[in-house]
Amino acid sequence: YIYRCLKNYEQAHFYLKEAINLKPKEPIAYLICGEIFFWQCNYKEAINNLQKSIDYKAKINNLYIILGNSFLFSEDYYIACVCYNFALKNNSDNYLCFKNNACSYEKRHMYSEALNMLDKLLNINKDNSLILCYYGEILCNMKQYSKAISYFTKANIIDPENTHNLNKRAIAYYTLQDYNKVLLDLDKVIQLDPLNNLAYYLKCLIYYTKKDIDNAIMVFEKCKELLDLNDIKAKTLLFHLEYLLNKNNSTELNNILTKINQISNIKDSELLLFVRCKVYVELKMYHEAMLDLNLLYDKNDIYYLYISYISYIYLLREYTDFWLYLNVNNNNDLSELGIVNGFSKHMYEISQVYFISNLVNLNSELYQLQENDINSLSEKISSKKKELQMNLPMLYLNCHYYIIWKINVKEILNKDCFIKFIIKGFNSKRYKDSELVHYEHVLKYEEVLRLEGCGWIEYQLPKNVNEYYVQTSIEISGSINMQMDYVRYGHNEEEITYIPNICIGDLLPNFYKIYPNVPKTFKDKYFSRKEMENLLELKDIINHL
């Protein structure tokens, strides 16, 4: 333990090995060993030794927090939450446990649970500016931008020189189209940090959005001076701005392509691939665009990481000729499914996504329920009636996965309500004679209430479908104001997955990959080494002997 405190881990391991040889079932030796492996970033061995310590009946208060930290840093966020919640049963006011558990929940897109942890932290210290900023970031993920701004503002009052917080508030204002306040925040950032390239990127974007092209070009030139062109993310920002400012100029677009193609590791950057794909599409170089789209597809497991890929697809959906090109040799007639355009055809055959709006082509009465939404891939169907039942046509699955609905429960108008999902599975297209599975999943009022106001989410039904042909239906009862975008087949880690805003103005999709949140940006402060080192104290060892 003394060598551990001196950070002489080699000598510490030497004595621990001797201790374990003398007493192979000594839990405290495995605990110290596991904790040292954690500090050596060997999380696999840390977890292995800490679990042995538990198996041998170690009774140290913070053992499950140390184990949770090991799972958190090895990116197994589900087990991390399990460990933290177990630790909180014995120590319900542990500040570090709240903080790290919030991060684990946020990584799992369980935003309400993450905010619950942050609320507990703010009850302990209401003036923690990093926690207030993180709270705002999660609210933005939940699309509660006005509320998020109030938390960013509280953080700014406490720490007015935090440029990260100011940039995040600027993005929230941008989403609400309050451009003057965006510019005020960005000017403060530039005043505090004249080399803040993100602020210049956002400022150029604002002027472009306001159609103030002269100022946009001026800021773009400044951005070029400041960006570190050895940084692939910086290059991506620059090429994106250059694309926006020249999207109607084929000569300049070709110049952008030349510069992008000089980058050797472009395949490692999803966002840069997407920018190049957009340039190819604008130039009607559809074959090259298709190759980039395939690369994006391959980089995002279509069943496990679909949300990233769908963001790219969304921003290409307006290019009708591109989708016609992708289907030029595809003679499959999907009109019996209501699929009548190239985009919907591609999404169904390649991505296993069926748009609810396809049903309008099969049932004209649904036309009156159709609405547009900036974060919907198609014209969504909206339910405000007391009763609505929709039966999708029988769809073919080329794999065995879960059925996932993209829905937005805006408002519950009557407590006496429910949503029923129905799955019928067949192994033959002549389904009337071959039904193998009939499964119903009902969300009653309390469960629907959990979804109200969450914005667009993917709701995964708990039934794994093993049949090749599936007919799914939805029944809505009791006046629920609810929107539906698509049904897809795949697998999410959670029952409920929040959908990030697919389109925030002209921001790059998946912008969070360029501009991470508080725990990553302020890693040394958020995951304080001093706090975590204090989890294992000498008295714990002495008391255990």
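Treat the numbers as computed from the prediction; the structure is a model and nothing was measured.

A.B. asks: Hey, could you go over the overall build of the protein chain for me, with residue numbers and the actual values?
C.D. replies: When its secondary structure is counted, the protein chain shows 26 helices and 12 strands. Within the protein chain, the proportion of its 545 residues that are buried is 56%. Partitioning the contacts of the protein chain with sequence separation of at least 6, the portion at a separation of at least 24 is 67%. For the protein chain, the separation between the mean place of its 61 positive charges and that of its 66 negative charges on side chains is 3 Å.

A.B. asks: Could you give an account of the packing of aromatic side chains, with specific residues and numbers?
C.D. replies: The geometry of an aromatic ring pair is captured by two quantities: the separation of the ring centres and the angle between the planes. All chains considered together, the criterion is met by 22 aromatic pairs. Ring geometry for Tyr64 against Phe86: centres 4.2 Å apart, planes inclined by 45°, an arrangement best described as tilted. Taken together, the positions of Tyr64 in helix H5 (residues 63–73) and Phe86 in helix H6 (residues 77–90) put the pair 22 residues apart, joining distant regions of the chain. Look at Tyr64 and you get partly exposed, because its relative accessible area is 24%. We classify Phe86 as partly exposed; its relative accessible area is 36%. Lying across the ring of Trp456, Lys406 places its NZ or CZ 4.9 Å from the centre.

A.B. asks: Break down the pairing of strand S7 (residues 418–426) for me, citing the residues and quoting the values.
C.D. replies: Among the 9 residues that make up S7, 7 are buried, leaving the element largely enclosed by the rest of the structure. Strand direction decides the pairing type here: S7 and strand S10 (residues 469–477), joined by 9 bridges, are antiparallel. Across the sheet, the residue bridging to Ile423 is Thr472, located in S10.

A.B. asks: Could you give an account of helix H11 (residues 163–175), with specific residues and numbers?
C.D. replies: The first and last C-alpha atoms of H11 sit 18 Å apart over 13 residues, in line with the 18 Å expected at 1.5 Å per residue. Counting buried positions along H11 gives 12 out of 13 residues, so the element sits mostly inside the fold. Buried residues along H11 sit in contact with helix H9 (129–141), helix H10 (145–158), helix H12 (179–192), helix H13 (197–209) and helix H23 (518–521). The N-terminus of H11 is capped by Asn162, whose side-chain oxygen sits 3.0 Å from the backbone nitrogen of His164. Of the residues flanking the end of H11, it is Gln177, one or two places downstream, whose phi is positive at about 60°.

A.B. asks: So what's going on with the UniProt feature "repeat: TPR" (unreviewed entry) in the protein chain? Which residues, and what values?
C.D. replies: Mapped onto this numbering, the UniProt entry gives "repeat: TPR" (unreviewed entry) at residues 129–162 and 163–196. Secondary structure over residues 129–162 splits into 79% helix and 0% strand, and the C-alpha atoms at its two ends are 9 Å apart. The span residues 163–196 is 79% helix and 0% strand, and its two end C-alpha atoms sit 9 Å from each other.

A.B. asks: Which residues make up the pattern of salt bridges, and what values do they have?
C.D. replies: On inspection of all chains with the given rule, the structure shows 19 salt bridges. A salt bridge links Asp292 to Arg276, with the nearest nitrogen and oxygen atoms 2.8 Å apart. Of this pair, Asp292 sits in helix H18 (residues 286–299) while Arg276 sits in helix H17 (residues 270–282), placing them 16 residues apart in sequence. Comparing Asp292 with Arg276, the two get one shared label, buried. For Arg450, the salt bridge goes to Glu495, with nearest N and O atoms at 3.1 Å. Here the residue Arg450 occupies a position in helix H22 (residues 445–451), and Glu495 occupies one in the loop between strand S11 (480–490) and strand S12 (496–498), the gap between them amounting to 45 residues. Among the charged side chains, a network of salt bridges with common partners joins Lys7, Arg529 and Glu533.

A.B. asks: For the confidence of the model for the protein chain, give the residues involved together with the corresponding values.
C.D. replies: Here the protein chain shows a mean pLDDT of 87. Residues at 70 or above account for 91%. Mean pLDDT in the protein chain bottoms out at strand S3 (residues 380–383), which sits at 63, and peaks at H10, which reaches 96.

A.B. asks: Could you give an account of the packing of helix H15 (residues 232–245) against helix H16 (residues 250–260), with specific residues and numbers?
C.D. replies: H16 packs onto H15 with a crossing angle of 165° between their chain directions and a minimal axis gap of 10 Å. Relative to H16, the element H15 lies roughly antiparallel. As H15 runs across H16, the sense of the crossing is left-handed. On H16, the residues touching Phe239, Glu242 and Tyr243 of H15 are Leu253, Ile256, Lys259 and Ile260.

A.B. asks: Talk me through the state of the cysteines; I want residue IDs and the actual numbers.
C.D. replies: On inspection of all chains with the given rule, the structure shows 0 disulfides. Cys83 forms no disulfide, and the closest cysteine sulfur to it belongs to Cys97, at a distance of 9.4 Å. Cys97 gets classed as buried once you look at its relative accessible area, which sits at 0%.

A.B. asks: Can you tell me about the pairing of S11, naming the residues and giving the values?
C.D. replies: By the criterion of burial, S11 is predominantly enclosed, with 11 of the 11 residues buried. Direction of pairing for strand S1 (residues 353–355) relative to S11: antiparallel, over a ladder of 3 bridges. Paired with Val353 across the bridge in S11 is Arg488. As judged from the 10 bridges shared by strand S6 (residues 402–412) and S11, these two strands associate in the antiparallel manner. Opposite Glu411, over in S11, you have Asn481 as the bridge partner.

About the cut-offs
Residues numbered from 1 in each chain as written. Predicted model: local features only at pLDDT ≥ 70, side-chain atom pairs only at ≥ 80, totals over all residues. Heavy atoms only, no water. Helix = DSSP H or I, 4+ residues; strand = E, 2+ residues; numbered from the N terminus. Buried < 20%, exposed > 50% of the residue type's maximum accessible area, 1.4 Å probe, protein only. Contact = heavy atoms within 4.5 Å. Lys, Arg positive; Asp, Glu negative; His and termini not counted. Charge placed at Lys NZ, Arg CZ, Asp CG, Glu CD. Phe/Tyr/Trp six-rings, centres within 6.5 Å; stacked < 30°, edge-to-face > 60°. Lys NZ or Arg CZ within 6 Å of the ring centre and 35° of its normal. Pairing = 2+ DSSP bridges. Expected span 1.5 Å × (residues − 1). Polar contact = N/O pair within 3.5 Å; in protein donor to acceptor, adjacent residues only side chain to side chain. UniProt positions renumbered as here; feature names shortened; annotations may be inferred. Salt bridge = Lys/Arg side-chain N within 4 Å of Asp/Glu carboxyl O. pLDDT = per-residue confidence, 0-100. Axes fitted to C-alpha atoms, helices over the stretch in contact; angles between N-to-C directions. Parallel < 35°, antiparallel > 145°, perpendicular 65-115°, else oblique. Left-handed = near helix turned anticlockwise from the far one by under 90°. Disulfide = S-S within 2.5 Å.

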